[in-house]
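Coordinates in review
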Amino acid sequence: MAAATRGCWPWGSFLGLLGLLSVAFAAWDLASLHCNFADFCECDFRPDFQGLECDLAQHLAGQHLAKALVVKALKSFVHDPAPTKPLVLSLHGWTGTGKSYVSSLLAQYLFRGGLRSPHVHHFSPVIHFPHPSHIERYKKDLKSWIQGNLTACSRSLFLFDEMDKLPPGLMEVLRPFLGSSWVVYGTNYRKAIFIFISNTGGEQINQAVLEAWHNRRDREEIRLQELEPAISRAVLDNPHHGFWRSGIMEEHLLDAVVPFLPLQRHHVRHCVLNELAQLGLEPRDEVVQAVLESTTFFPEDEQLFSSNGCKTVASRIAFFL
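All values reported here derive from a predicted model rather than from experimental measurement.

The rules behind these values
Residues numbered from 1 in each chain as written. Predicted model: local features only at pLDDT ≥ 70, side-chain atom pairs only at ≥ 80, totals over all residues. Heavy atoms only, no water. Helix = DSSP H or I, 4+ residues; strand = E, 2+ residues; numbered from the N terminus. Buried < 20%, exposed > 50% of the residue type's maximum accessible area, 1.4 Å probe, protein only. Contact = heavy atoms within 4.5 Å. Areas by Shrake-Rupley, 256 points an atom, 1.4 Å probe, with all protein chains shown as cover. Core = buried A, V, L, I, M, F, W, Y, C linked by side-chain atoms within 4.5 Å. Pairing = 2+ DSSP bridges. Axes fitted to C-alpha atoms, helices over the stretch in contact; angles between N-to-C directions. Salt bridge = Lys/Arg side-chain N within 4 Å of Asp/Glu carboxyl O. Expected span 1.5 Å × (residues − 1). Polar contact = N/O pair within 3.5 Å; in protein donor to acceptor, adjacent residues only side chain to side chain.

1. What to know about the overall build of the protein
When you go through the protein residue by residue, the secondary structure sums to twelve helices and seven strands. Here the protein holds 321 residues, and the buried ones make up 49% of them. The long-range fraction of contacts in the protein, counting pairs at least 24 apart against all pairs at least 6 apart in sequence, stands at 76%. Surface summary for the protein: the accessible area is close to 16,100 Å², and the carbon and sulfur share equals 56%.

2. Some points on the nonpolar core
Membership of the largest hydrophobic core comes to 40 residues, with the highest contact counts inside it found for Leu142, Ile146, Phe160, Met171, Phe194 and Phe196. Going through the elements one at a time, α6 (135-152), β3 (157-160), α7 (175-178), β4 (193-198), α8 (202-214) and α9 (224-236) are the ones with two or more residues in this core. The element contributing the most residues to this core is α6, with five residues. When near neighbours in sequence (up to four residues on either side) are disregarded, Leu142 contacts Phe123, Phe129, Phe160, Leu170, Met171, Val173 and Leu174. Judged by nonpolar contacts, the second largest core, of 31 residues, contains Leu56, Leu91, Leu106 and Ile195.

3. Overview of the pairing of β4
Across the six residues of β4, six count as buried, placing the element largely inside the fold. Pairing of strand β1 (residues 87-93) with β4, which is carried by six bridges, proceeds in the parallel orientation. Directly across from Val88, in β4, lies its bridge partner Phe194. Sheet topology places β3 next to β4; four bridges connect them, and they run parallel. If you follow Phe160 over to β4, its bridge partner there is Phe196.

4. Quick word on the sheet that holds strand β5 (residues 256-260)
Read from one edge of the open sheet, five strands run β2-β3-β4-β1-β5, paired in parallel fashion. Both edges of this open sheet fall to β2 (120-123) and β5, since each of them pairs with a single strand only. Across the sheet, the mean angle from the axis of one strand to that of its neighbour is 15°, orientation sign disregarded. Pairing geometry for β1 and β5, over five bridges, is parallel. From the neighbouring strand, Leu89 faces β5, where its bridge partner is Ala256. Sitting on the sheet, α6 is in contact with β2, β3 and β4, with an inclination near 155° to β3.

5. Side note on the pattern of salt bridges
One pass over the structure, following the stated rule, counts ten salt bridges. Of the charged contacts, one joins Lys139 and Glu172 as a salt bridge, the two residues approaching to 2.6 Å between their closest N and O atoms. Of this pair, Lys139 sits in helix α6 while Glu172 is found in the loop between β3 and α7, placing the two residues 33 residues apart along the sequence. Members of the salt-bridge network, linked through shared partners, are Glu136, Lys139 and Glu172.

6. Digging into unusual backbone geometry
Following Phe298, the chain continues to Pro299 via a peptide bond in cis, the omega torsion being -10°. Mapping Pro299 onto the fold places it in the loop between β6 (297-298) and β7 (305-306).

7. A word on helix α4 (residues 99-110)
A turn of α-helix holds 3.6 residues, and therefore any two residues three or four places apart point the same way. Its twelve residues place the ends of α4 17 Å apart at the C-alpha level, agreeing with the 16 Å of an ideal helix rising 1.5 Å per residue. If you check which residues of α4 are buried, you get Lys99, Val102, Ser103, Leu105, Leu106, Ala107, Tyr109 and Leu110.

8. Quick notes on the side chain of Gln63
Within the secondary structure, Gln63 is located in the loop between α2 (49-59) and α3 (64-78). You can call Gln63 buried: its relative accessible area is 1%. When residues no more than four places from it in sequence are discounted, the contact partners of Gln63 are Thr97, Pro259, Phe260, Leu261 and Leu263.

9. Here's the deal with the side chain of His121
Structurally, His121 is set in strand β2. Among the polar contacts made by the side chain of His121, one reaches the side chain of Asn149 at a distance of 3.4 Å. Those residues in contact with His121, other than ones at most four positions away along the chain, are Trp145, Asn149, Ser156, Leu157, Phe158 and Leu159.

10. A look at the environment of Ala82
Mapped onto the secondary structure, Ala82 falls in the loop between α3 and β1. Note on Ala82: relative accessible area 46%, which makes it partly exposed. The sequence separation of Ala82 and Lys191 amounts to 109 residues, and the corresponding C-alpha distance is 8.0 Å.

Structure, rendered in structure tokens:
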């Protein structure tokens, strides 16, 4: 129901809006009653798949694989009343392609409090694990943190950013939480969601998309089976990646490897128009063109992919307004 979504609102007349609000309040009452009995309403876990799909369709440019894989995995997991293991997704791709954006959307559309929910936990190497010499303390703290938070709420989301910058060996403490055992350290963890984000595999993904372009294949024809082996090899061969010798990939604990494709000029244009709309501004051709002209593209001969994806779009727009 459109009125229940949190992001893509069907704006209409004032009377129409009042009608939608009345339906929303009625739905909220029913949902509150339903949540007393439904398994997926623990804590502030309130999945809104319609809102998520709408937001992805409108704002995530050029990522047909990521959209399909993430939504399918989430729906299957959330609708399972008794999952045998937590949902574990690993997002890979070049900088600025939407990995962090998608992870923030998952928090927004799965938990009532979004990223501020007490059951959404975001880990950054620079902030939380800055000193490799403290690895043993980090491992102990991370294990206790996850165990404690899953004890408080089994429906918890754990986001691990910049996996290629984590101290080696840290992720091995997660391995017992990611498998199919029923209980770990006295904690029921099977309804948790783990999201890992890294740039590792980005070069391999870029090369595959470039080859498709050379062969006159549409990028939407690229399938996961073409990319997953190369991404997995890049991770397993990278001693700086958090999964290095952790057993997580070797024991097939990932439910999905999610590739993010490099963005082309028309995708960056889409991001510029989206950002202008978010600012409440009309699309201005001179601003759009200025941002595109200031963006660096690669490879040198083809000038096909944006070096920073859409990461610097907002700051560039502010400069050219």
